[in-house]
There are 6 protein chains.
Amino acid sequence: MRFDGREPKQLRNVTIETNYLMHPEGSVLITVGNTKVICNATIEDRVPPFLRGQGKGWITAEYSMLPRATESRTQRESSKGKVTGRTMEIQRLIGRALRSVVDLEVIGEKTIWVDCDVIQADGGTRTASITGAFVALTIALGKLYEQKQLAKFPVVEFLAATSVGIVDEIGVVLDLNYVEDSSASVDMNIVQTSGGEYVELQGTGEEATFSKKELLELLEFGEIGIQQLMDIQRSALGDLASKIGEKGLITE
Amino acid sequence: MRFDGREPKQLRNVTIETNYLMHPEGSVLITVGNTKVICNATIEDRVPPFLRGQGKGWITAEYSMLPRATESRTQRESSKGKVTGRTMEIQRLIGRALRSVVDLEVIGEKTIWVDCDVIQADGGTRTASITGAFVALTIALGKLYEQKQLAKFPVVEFLAATSVGIVDEIGVVLDLNYVEDSSASVDMNIVQTSGGEYVELQGTGEEATFSKKELLELLEFGEIGIQQLMDIQRSALGDLASKIGEKGLITE
Amino acid sequence: MRFDGREPKQLRNVTIETNYLMHPEGSVLITVGNTKVICNATIEDRVPPFLRGQGKGWITAEYSMLPRATESRTQRESSKGKVTGRTMEIQRLIGRALRSVVDLEVIGEKTIWVDCDVIQADGGTRTASITGAFVALTIALGKLYEQKQLAKFPVVEFLAATSVGIVDEIGVVLDLNYVEDSSASVDMNIVQTSGGEYVELQGTGEEATFSKKELLELLEFGEIGIQQLMDIQRSALGDLASKIGEKGLITE
Amino acid sequence: MRFDGREPKQLRNVTIETNYLMHPEGSVLITVGNTKVICNATIEDRVPPFLRGQGKGWITAEYSMLPRATESRTQRESSKGKVTGRTMEIQRLIGRALRSVVDLEVIGEKTIWVDCDVIQADGGTRTASITGAFVALTIALGKLYEQKQLAKFPVVEFLAATSVGIVDEIGVVLDLNYVEDSSASVDMNIVQTSGGEYVELQGTGEEATFSKKELLELLEFGEIGIQQLMDIQRSALGDLASKIGEKGLITE
Amino acid sequence: MRFDGREPKQLRNVTIETNYLMHPEGSVLITVGNTKVICNATIEDRVPPFLRGQGKGWITAEYSMLPRATESRTQRESSKGKVTGRTMEIQRLIGRALRSVVDLEVIGEKTIWVDCDVIQADGGTRTASITGAFVALTIALGKLYEQKQLAKFPVVEFLAATSVGIVDEIGVVLDLNYVEDSSASVDMNIVQTSGGEYVELQGTGEEATFSKKELLELLEFGEIGIQQLMDIQRSALGDLASKIGEKGLITE
Amino acid sequence: MRFDGREPKQLRNVTIETNYLMHPEGSVLITVGNTKVICNATIEDRVPPFLRGQGKGWITAEYSMLPRATESRTQRESSKGKVTGRTMEIQRLIGRALRSVVDLEVIGEKTIWVDCDVIQADGGTRTASITGAFVALTIALGKLYEQKQLAKFPVVEFLAATSVGIVDEIGVVLDLNYVEDSSASVDMNIVQTSGGEYVELQGTGEEATFSKKELLELLEFGEIGIQQLMDIQRSALGDLASKIGEKGLITE
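Reading guide: rules and limits
Residues numbered from 1 in each chain as written. Chains lettered and ligands numbered in written order. Predicted model: local features only at pLDDT ≥ 70, side-chain atom pairs only at ≥ 80, totals over all residues. Heavy atoms only, no water. UniProt positions renumbered as here; feature names shortened; annotations may be inferred. Helix = DSSP H or I, 4+ residues; strand = E, 2+ residues; numbered from the N terminus. Buried < 20%, exposed > 50% of the residue type's maximum accessible area, 1.4 Å probe, protein only. Contact = heavy atoms within 4.5 Å. Areas by Shrake-Rupley, 256 points an atom, 1.4 Å probe, with all protein chains shown as cover. Lys, Arg positive; Asp, Glu negative; His and termini not counted. Charge placed at Lys NZ, Arg CZ, Asp CG, Glu CD. Pairing = 2+ DSSP bridges. Polar contact = N/O pair within 3.5 Å; in protein donor to acceptor, adjacent residues only side chain to side chain. Buried area = accessible area lost by both parts, 1.4 Å probe. Salt bridge = Lys/Arg side-chain N within 4 Å of Asp/Glu carboxyl O. Least-squares fit on C-alpha atoms with pLDDT ≥ 70 in both. Axes fitted to C-alpha atoms, helices over the stretch in contact; angles between N-to-C directions. Parallel < 35°, antiparallel > 145°, perpendicular 65-115°, else oblique. Left-handed = near helix turned anticlockwise from the far one by under 90°. Nonpolar A, V, L, I, M, F, W, Y, C, P; charged D, E, K, R; others polar. Expected span 1.5 Å × (residues − 1).

An unreviewed UniProt entry lists chain A under the name Ribonuclease PH, with Psychrobacillus faecigallinarum as the source organism. A UniProt comment under Sequence similarities (unreviewed entry) is attached to chain A, and it reads "Belongs to the RNase PH family." Turning to chain A, the UniProt annotation filed under Subunit (unreviewed entry) states: "Homohexameric ring arranged as a trimer of dimers."

See the structure below:
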């Protein structure tokens, strides 16, 4: 039995509230158990220097935690004057994952910024960020599409993420909370598409290792979680969900 | 008539939700119209170097905005690598204001950090931060008091803040939203105690000036707002409200 | 009786030496008692990005102290690698105050930088900076005007600043030196124009509060000081003083 | 056929030169094709603050490239004043990987710093760094062991790393050089032990995705490379190789 | 004939005003032609970490320019967030030069900070800084000596500095002003003691070179200037001048 | 007799290996005794802002040490977030020295970056860097010349550097290693051309001074070393050596 009474293959309660804040083009509050992340998408009418003049768009992410998202207070990165390695690693992961399911040619020379701000942390903040960011991004792109600024809907597949791990005396578990994450000997983040393909797979033995057999079991648990997360994304997106992967051109 | 239909002397809708996040010793979500600030208080068992060995406590504040709290996206201070002058000015103001109504000798060698994170901005973020921070701070100190770590309750008066200003064609108004704030010729932040005394008064002619007569009218409007804010703080604090300014020692 | 023998309503000795350094367009050494500030105005032929193309000018200030302006040595902000909150607050105040009495449209797309470098500090450095900076700025603008680069003289009123405060056993006093400032329970900076209007009013109860009656007395003391400071500015400016607030166009 | 004539399952030429520099406790030059990395291990007699007093050691890594390790010159991180996200991600990975095969209790309160400086880059710099760093670390620990400062030899298994990927028109390939890496649709770094277990698995679809079948083929190719790398490590280490995983205590 | 009418071997007018500011232990304003530098010495009761526990003192210098010391405004190093290479080079030179004529054992575990702040620059700011800093330092040490905190007077020789150079159509010249410095093909800074020995010699061909014969002529000119500078230092120091190099112990 | 058995006038073993790395336009490994520096030259098709539009080129240098180039590990400047004063001083010296023997007009609007990375340090790293950088630069310019991008060969003379010093009980010595350098009372770096002229002369009494007689002996020893270093540069450059100082135009 898990610490919080869940079955090994059971996700925590997940909700996705859309239109959470008034200013962003796409704004979502995702809660995964006690983990809460605000994901805001912003559309900017230019691309970074390395992409200028290529007619292609860009998606980039930033990730941060409130100082008291965590049990003890964490110093702000702004007062330290620099972003930690952990933050950089996470925001690079989120950006890369989102770009894999969007047709950047369709967006044109625009950048979509997705800000993931964790207001409460209880494990799995990076995977919750990806799952929520996908919805905020899709809503923002939906607005561009409605304004007929895009020749077709650029999101080609659903994308969600979860964590799996190996915990002593229990074995493989899905969607680790903070207590489980701290004690897990193996920890893996899985980012997957609705087509069942992998976008990112990051497995780490925390001062431990894992075998191929364990790897396969971890992947199987991940798939169960990803499917449920996509059902929740689908409800949150409403009508927009049906545009994902659709080929029709609106400018016809 | 004001832009949003309010009377000149009318506050926006104000709510204060306590126990907003699970980890902080005191946690509040304050909304003032469309302005929303999360205020979290953290108790740390040491004081800054300049106070060590004096048996006195300290209260300090940090202030930040989510990048999309604002209409267009603002770059994160952590990625800029430094805190702006505006942020520093605001967090110094919040800390100074809170310290004026707390007996720091009673707290002993502890620091209370109050983090004010604006998740949505529509004018008046610094005064909403002070009003909310007072409640978060009081709740955190209430926990110390219940644990009999304090000889008496150290909060000596209520403290709240609001803005007043002079807007063309309307005159003096209370609690400016963003649109009013941008067009006001005079802008004043008032921090006041329940005893009616001033803690901070910051009046600025924005490429304009103001007379003594106008100053007196601004102060009068401010007082009306402050009284109402303190009623809302009192309800939010519940039983704890009655401890404020109380002299009895618990350790007797 | 005050620590240095002054009456409560008495300013310290104030002198303003013009043409202090050879390179700046306007250069002034202001001494207020033992406080000494070099104020230099520089004219730059462009404006910050947010103003480009609007035909309007800008005035901005920077403030700094020599490490041994103070009783014990203060670390340089350049070796710390960042500007403190106090410095930022002061330089924002100086810039805002100066802009309130200059017609920025007349200046055209130019920036006037005013550098206030405190070489000796004994309280009141920010108000001495404003009073001196006004003179340095006016001299620099006088040079542009003589070169017929301005359609009229852009300074519309005199501007000066002083501090007032409440000191135990004495009550309200004008122009606090460092010893008084450190022990004052209330401290207020007043920036006023020759028309008697306020530009900035910053009153702070230092772990204390103040009543409306005390506020009015503080303002009255301030006014006495400001009038005398403007007489000294007027003598320092000589002929140029008479151009301030004048409407005639030179390009006719 | 691959760009450089290799078979899909073929590693580049790999050499490991030990005692490369005179000062470090362990110093290695590893070359993997045209990629060259200097790996230096330093022993420091203290641990980071979070480990003090626990009797446990620590291993940490830093990674950098010479500005002209790359085809066009890269600006130094020291003149930029900050370390990029890519560098942080890599150095965190190297440190984590090394810690997984060393018994930190045996080391006691010491930190081993492993510096990986890429002097020439042609793809696979992070995996070459791990493979070389393992040897430099083992040599440094060998010196401590010879000096009888360790109760037993703390390295419990061999550790090596390589990359695998999917390249258009070829399919799965082992040990990608820069040209292959730039064009690969899937890129995976594998860190494995001599026991065949995984320590890290980082697979990324670069604006692409991959199936479970492809994953299994990638892992199989990786295993082939890892085995050969460990043979080269074994020769480089000479007698020391036989100590790895050995249980005997020297202090008996 | 030189640009400003001087003979090749002629110094500019030099004055050294002592007790320039009220707070520092030693404070001097040195003017060399139009170059003006405030030199302040501060005594601190501890030494940098690398000297702790050795019973020896330390002397260190910091150098800075006001933004409008120069013809066009220079950005502050504090707002850039870093100190330039030129500044670092100069402050290292000043510190090194001062340490060469002071017996650091006599000072004991104290640091003397010497701040050289250029308020007006017209060439030769680093050599004027050294010449002025020597006087400020000697005055500060004189105070320690009077307070019987030093067993003997620790300054063993006079120290002064000047520049020499080679200017087209004139040849070797002494004490270059800014215009000469900008056009000189060779530029040399000489720091010398009253015993005629060199402490620092920094000769640079500015996109040019110089022969041994020219070097000897440069050194001869330097010696002429140094002698005169030491006469001016001697007058500025008054009675204290006679303590320099004296061997008697006061604690007997 | 010197510590390592050398005669006072004897250089350490010096080798210069060209084409050391594959990417740079010029790449050299210079070893001077145990000191080893990689010098890489990069050609960039633009000049710094202050030179734009003048048709002239620029040469600039950067210098760094691997953390374990030294006996004990030195923290990376990239993780400190700033470049030390020592590094800045050295890289400014290298750049200035190289520019003195190259005709920058001939290069046109290009910048040559020369990176000197010390991989092993045993004294004399800055002079080894200059001697090696000259060769790397000449090779890079040789490639431009072969591609007929230069009207003539822009290197006008050979340039090399060495150190001399005064060591107790031995007297003047040439080419100090780390042990000698640490104990020398006088230390001088000499940068000289094949014509025997000086480019830079930096003599420092390390808490000591030196007489003119000693200076002349130091210069004589330096000349002996410089001649030998230029012979080694000449062999390393092969055919290219004969182009140095040649006047003929290739575009005729």
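The discussion continues.
### Regarding the overall build of chain A
Scanning chain A for helices and strands turns up six helices and nine strands. Overall, the C-alpha framework of chain A stretches about 60 × 40 × 30 Å when taken along its three principal axes. Put simply, chain A has 252 residues, and 61% of those count as buried. Residue pairs at least 24 apart in sequence account for 71% of intrachain contacts in chain A once pairs closer than 6 positions are excluded. As displayed, chain A has an accessible area near 9400 Å², and 47% of this comes from carbon and sulfur atoms. Distance between charge centres in chain A, computed from 27 positive and 36 negative side chains, equals 5 Å.

### Some remarks on unusual backbone geometry
Trans is the prevailing form of peptide bonds, just as negative phi is the prevailing case for residues other than glycine. Positive phi values are uncommon outside glycine, yet A:Asn19 reaches one of about 50°. Counting through the fold element by element, A:Asn19 comes out in the loop between strand 1 (14-18) and strand 2 (26-32). The exposure class of A:Asn19 is exposed, given its relative accessible area of 57%. For E:Lys148, which is not glycine, the phi dihedral falls at a positive 55°.

### Some remarks on the pairing of strand 4 (residues 58-65) of chain B
All names here are of chain B. Within strand 4, six of the eight residues are buried, which leaves the element mostly enclosed by the surrounding structure. As judged from the eight bridges shared by strand 4 and strand 5 (residues 111-120), these two strands associate in the parallel manner. For Tyr63, the partnering residue across the bridge sits in strand 5 and is Cys116.

### Digging into the UniProt feature "binding site: phosphate" (unreviewed entry) in chain A
Listed under "binding site: phosphate" (unreviewed entry) in the UniProt record, and renumbered for this structure, are A:Arg86, A:Gly124, A:Thr125 and A:Arg126. Look at the named residues: they lie 41 residues apart in sequence, but the longest C-alpha span between them is just 13.5 Å, so in the fold they bunch up. Residue position: A:Arg86 is located in helix 2 (residues 85-99). Residues within four places of A:Arg86 in sequence aside, it is in contact with A:Tyr63, A:Met65, A:Thr125, A:Arg126 and D:Arg92. Within the structure, A:Arg86 has its side chain in polar contact with the side chain of A:Tyr63 (distance 3.2 Å). Look at A:Thr125 and you get buried, because its relative accessible area is 6%. Only 2.6 Å separates the side chain of A:Thr125 from the side chain of A:Tyr63, close enough to count as a polar contact.

### Thoughts on the side chain of D:Arg99
Looking at the secondary structure, you find D:Arg99 in helix 2 (residues 85-99). Relative accessible area serves as the criterion here: at 13%, D:Arg99 is assigned to the buried category. Only 2.9 Å separates the side chain of D:Arg99 from the backbone oxygen of D:Ile59, close enough to count as a polar contact. Discounting residues that sit within four places of it in the chain, D:Arg99 has contacts with A:Glu207, D:Trp58, D:Ile59 and D:Leu104.

### Points about the interface of chain D and chain A
In this assembly, 34 residues from chain D lie in contact with 34 residues from chain A. Buried surface at the junction of chain D and chain A, summed over both partners, amounts to about 2900 Å²; 53% is from carbon and sulfur atoms. Three residues stand out in chain D for area buried against chain A, namely D:Glu89, D:Tyr198 and D:Glu207, and they jointly supply 20% of the buried area on that side. For the interface between chain D and chain A, the tally reads two salt bridges. The salt bridge involving A:Glu89 is made with D:Arg92; its shortest N-O contact spans 2.7 Å. Linking chain D with chain A are 14 residue pairs in polar contact (both at pLDDT 80 or more). Every element with two or more residues in the side of chain D that touches chain A is listed here: helix 2, strand 8 (186-193), strand 9 (198-205) and helix 6 (212-237) of chain D.

### Some remarks on the relation of the copies chain D and chain A
Copies of the same chain, two in number, are related to each other by a rotation about an axis and a translation along it. Mapping chain D onto chain A is achieved by rotating through 180° and translating by 0.0 Å along the same axis, at an RMSD of 0.0 Å. Expressed as an axis order, the relation between the two copies is that of a two-fold axis. Among all residues of chain D, the minimum C-alpha distance to the rotation axis is found for D:Gln202, at 2.3 Å. A symmetric contact is evident, with 100% of the interface residues of chain D recurring at the interface of chain A.

### Digging into the environment of E:Cys39
All names here are of chain E. Inspection of the secondary structure assignment puts Cys39 in strand 3 (residues 35-44). Given a relative accessible area of 0%, Cys39 falls into the buried group. Spatially, the C-alpha atom of Cys39 lies 19 Å from that of Asn189, the residues being 150 residues apart in sequence. With sequence-adjacent residues up to four places away left out, Cys39 is seen in contact with Gly26, Ser27, Val28, Ile30, Asp115, Cys116, Ser129, Gly132, Ala133 and Ala136.

### Side note on the sheet that holds strand 1 (residues 14-18) of chain C
All names here are of chain C. Taking strand neighbours across the sheet as the criterion, the five strands line up as 1-2-3-5-4 in an open arrangement whose pairing is mixed. Edge positions in the sheet fall to strand 1 and strand 4 (58-65), since each of these pairs with one other strand and no more. Averaged over all pairs of adjacent strands, the angle between strand axes in this sheet comes to 20°, irrespective of strand direction. Relative to strand 5 (residues 111-120), strand 3 (residues 35-44) runs antiparallel, the two being bridged by nine bridges. Opposite Ile43, over in strand 5, you have Ile112 as the bridge partner. Contacts from helix 4 (residues 125-146) reach strand 1, strand 2 (26-32), strand 3, strand 4 and strand 5 within the one sheet, and its direction differs from that of strand 3 by about 35°.

### So, the packing of helix 2 (residues 85-99) of chain F against helix 4 (residues 125-146) of chain F
Residues and elements named next belong to chain F. Orientation of helix 2 relative to helix 4, taken along the N-to-C sense of each, is 40°, at an axis distance of 10 Å. By the criterion of interaxial angle, the relationship of helix 2 to helix 4 is oblique. Crossing geometry of helix 2 relative to helix 4 is assigned as right-handed. For the pair helix 2 and helix 4, contact is made by Arg86, Glu89, Ile90, Leu93, Ile94, Ala97 and Leu98 and by Thr125, Arg126, Ser129, Ile130, Ala133, Phe134 and Leu137, respectively. Across the contact of helix 2 with helix 4, the residue classes tally to nine nonpolar, two polar and three charged.

### Here we look at helix 4 of chain C
Note that an α-helix has 3.6 residues per turn; residues three or four places apart therefore point the same way. End to end, helix 4 of chain C covers 31 Å across 22 residues, agreeing with the expected 32 Å (1.5 Å per residue, within 8%). Burial within helix 4 of chain C is extensive, with 20 of its 22 residues counted as buried.

### Describing the UniProt feature "domain: Exoribonuclease phosphorolytic" (unreviewed entry) in chain A
Residue and element names in this part refer to chain A. Following the UniProt record, the feature "domain: Exoribonuclease phosphorolytic" (unreviewed entry) maps to residues 10-140 and 159-223 here. Helix makes up 30% of residues 10-140 and strand makes up 31%, while its end C-alpha atoms are separated by 31 Å. Its end C-alpha atoms 12 Å apart, residues 159-223 is made of 28% helix and 45% strand.

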